[in-house]
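Coordinate inspection notes
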Amino acid sequence: MASGGRALTDMSAAAGAILEVNNIEVVYNKVVQVLRGLSLAVPRGQIVALLGSNGAGKSTTLKAICGLLPMEDGELQAGQIRFDGAATDAQPAHQLVRRGLAHVMEGRRVFEDLTVEENLVAATYALTGRKAAPKDFDAVYAYFPRLHERRKGLAGYLSGGEQQMLAIGRALIAEPQLILLDEPSLGLSPMLVEEIFTIIARINAERGVSMLLVEQNASVALAVADFGYIMESGRIVIDGSAERLAADPDVREFYLGVGGSGESRSFKDLKHYKRRKRWLS
Ligand SMILES: Nc1ncnc2c1ncn2[C@@H]1O[C@H](COP(=O)(O)OP(=O)(O)OP(=O)(O)O)[C@@H](O)[C@H]1O
Ligand SMILES: [Mg+2]
């Protein structure tokens, strides 16, 4: 099992990665430290999963990457983030979007009072600075035929899964190089989760879009990811290839709910548990 230190070694091996996050520290409201020296990398063309329990700092990591911390009185106090070879700190969020960094936020923020198509029109203007042409939406509708069927309907009346599709569709408008996805499975039925993740894998395979995928649903994320990181309390505690993490007995028991009681416990509990097991054996 690799440590947070190993992540750094992996990161230098991934030189030229589309995204490199090196030892970042993030503080909210000048006092609450949420990220404590977090490092990760997303190699070009790969899907990387960032896993961990509630409050570990996954969404904060994504907000730090795409420049949204200032909106929440958060501050990147140490470390560096490089997207496509250039440091991100001097670039406002909208400029990063134009350089090909898309963010699908937690809770699928769509404009509920606009139709599906109007949501895509708004995204075209916001992301590209130009008016939408009907063909702009062909690629989105090809991945999500259901959105085409509902294009004249209000986004607020879409099901949770369809709103997630629209949120991902809006990100695709900018033809991103990297998409940050925050819990696309949240609140969806297992069938819809499978449908959305199949499309995520297709977008990656067919368009070469790299992805950083934040999930609490570790098994579904590792099924599509190439590499995975597990974080606890603002740090990476385990990393490895998705196959290795999915097969690791500790990860299976503590993050995939397979093996023990099935309830998810933290990595700290895992260490206590391993110690206890040693004493008992
Ligand atoms: N805007 C904010 N101001 C102050 N504290 C915040 C803010 N946003 C998040 N936090 C705190 O930072 C910690 C990490 O939050 P974050 O949302 O990054 O976790 P997460 O891993 O995404 O959790 P979840 O799985 O529940 O979405 C939490 O303790 C949270 O309360
Ligand atoms: Mg979150």
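These lines cover the structure that appears in this document, whether it is placed above or below. Quantities reported herein were computed from a predicted structural model and do not represent experimental measurements.

A look at the overall build of the protein
Looking only at helices and strands, the protein features 12 helices and 10 strands. When each of the 281 residues of the protein is scored for burial, the buried share is 48%. Intrachain contacts of the protein at a sequence separation of at least 6 include 68% that bridge at least 24 residues. Of the roughly 13,200 Å² of accessible surface on the protein, 51% is carried by carbon and sulfur atoms.

A short note on helix α4 (residues 116–128)
For α4, spanning 13 residues, the distance from its first C-alpha to its last is 18 Å, which sits close to the expected 18 Å at 1.5 Å a residue. Taken together, the buried positions of α4 are occupied by Val116, Asn119, Leu120, Ala123, Thr124 and Leu127. Down the axis of α4, the buried side of the element spans an arc of 140°, and every buried residue falls inside it. Those residues of α4 that are exposed and angled more than 90 degrees off the buried face are Tyr125 and Ala126. Of the surrounding secondary structure, the elements contacted by the buried residues of α4 are α3 (93–98), α5 (138–143), α6 (145–149) and α7 (160–172). Looking at the residues trailing α4, positive phi occurs at Gly129, about 75°.

Quick look at the environment of Glu118
Tracing the backbone shows Glu118 in helix α4. Take Glu118: its relative accessible area is 39%, and that puts it in the partly exposed class. It is 9.6 Å that separates the C-alpha atoms of Glu118 and Gly153, two residues lying 35 residues apart in sequence. At 2.9 Å, the side chain of Glu118 and the backbone nitrogen of Thr115 are in polar contact.

A word on the site of ligand 1
As a structural note, the neighbourhood of ligand 1 is formed by 15 residues, with Asn54, Lys58, Ser59, Thr60 and Glu106 the closest of them. Interatomic distance of 2.9 Å between a backbone N/O atom of Gly57 and an oxygen atom of ligand 1. Starting from 640 Å² of accessible surface for ligand 1 in isolation, the protein chains cover 69%. No other element matches helix α2 (residues 58–66), which puts three residues into the shell around ligand 1. Of the residues assigned to the shell around ligand 1, the class counts are three nonpolar, eight polar and four charged.

Some thoughts on the sheet that holds strand β9 (residues 227–232)
Judged by pairing direction, the sheet is mixed, and its six strands sit side by side in the order β6-β7-β8-β3-β9-β10 without closing on themselves. Every other strand in the sheet has two partners, leaving β6 (101–104) and β10 (235–241) as the edge strands with one partner each. Taken over all neighbouring pairs, the strand axes of this sheet differ in orientation by 15° on average, direction set aside. Here β9 runs beside β10; their pairing, made up of six bridges, is antiparallel. Its bridge partner lying in β10, Phe227 is registered against Ser241. Of the strands in this sheet, β6 and β7 (178–182) are in contact with α7, which crosses β6 at around 170°.

Notes on the packing of aromatic side chains
Scanning the entire structure with this criterion turns up two aromatic pairs. Ring plane angle 70° and centroid distance 6.3 Å describe the contact between Phe137 and Tyr141, whose orientation is recorded as edge-to-face. Like Phe137, the residue Tyr141 is buried in the burial classification.

Focus on the sheet that holds strand β1 (residues 19–28)
By definition, the strands of a sheet pair up through backbone hydrogen bonds, in either a parallel or an antiparallel sense. Strand order across the open sheet formed by four strands is β2-β1-β4-β5, with antiparallel pairing between neighbours. Of all the strands in the sheet, just β2 (32–42) and β5 (86–87) have a single pairing partner and so form its edges. Across eight bridges, β1 lies against β2 in antiparallel orientation. By the bridge assignment for β2, Ile24 is matched with Leu38. This element, α2, spans β1, β2 and β4 (74–83) of the sheet and lies at about 110° to β1.

Quick word on the pairing of strand β8 (residues 210–215)
Among the six residues in β8, six count as buried, and that is most of the element. Every second residue of β8 is oriented toward a common face, with Ser210, Leu212 and Val214 on one face and Met211, Leu213 and Glu215 on the other, all of them buried. Relative to β8, strand β3 (residues 47–51) runs parallel, the two sharing five bridges. Bridge pairing links Ala49 to Leu213 in β8. In this fold, β7 hands off to helix α8 (residues 190–207), which returns the chain to β8; that crossover is right-handed.

Cut-offs used in this document
- Residues numbered from 1 in each chain as written.
- Chains lettered and ligands numbered in written order.
- Predicted model: local features only at pLDDT ≥ 70, side-chain atom pairs only at ≥ 80, totals over all residues.
- Heavy atoms only, no water.
- Helix = DSSP H or I, 4+ residues; strand = E, 2+ residues; numbered from the N terminus.
- Buried < 20%, exposed > 50% of the residue type's maximum accessible area, 1.4 Å probe, protein only.
- Contact = heavy atoms within 4.5 Å.
- Areas by Shrake-Rupley, 256 points an atom, 1.4 Å probe, with all protein chains shown as cover.
- Expected span 1.5 Å × (residues − 1).
- Arc of directions from axis to C-beta.
- Polar contact = N/O pair within 3.5 Å; in protein donor to acceptor, adjacent residues only side chain to side chain.
- Near = heavy atom within 4 Å.
- Nonpolar A, V, L, I, M, F, W, Y, C, P; charged D, E, K, R; others polar.
- Pairing = 2+ DSSP bridges.
- Axes fitted to C-alpha atoms, helices over the stretch in contact; angles between N-to-C directions.
- Phe/Tyr/Trp six-rings, centres within 6.5 Å; stacked < 30°, edge-to-face > 60°.
- Right-handed = clockwise from strand over helix to strand, strands pointing away.

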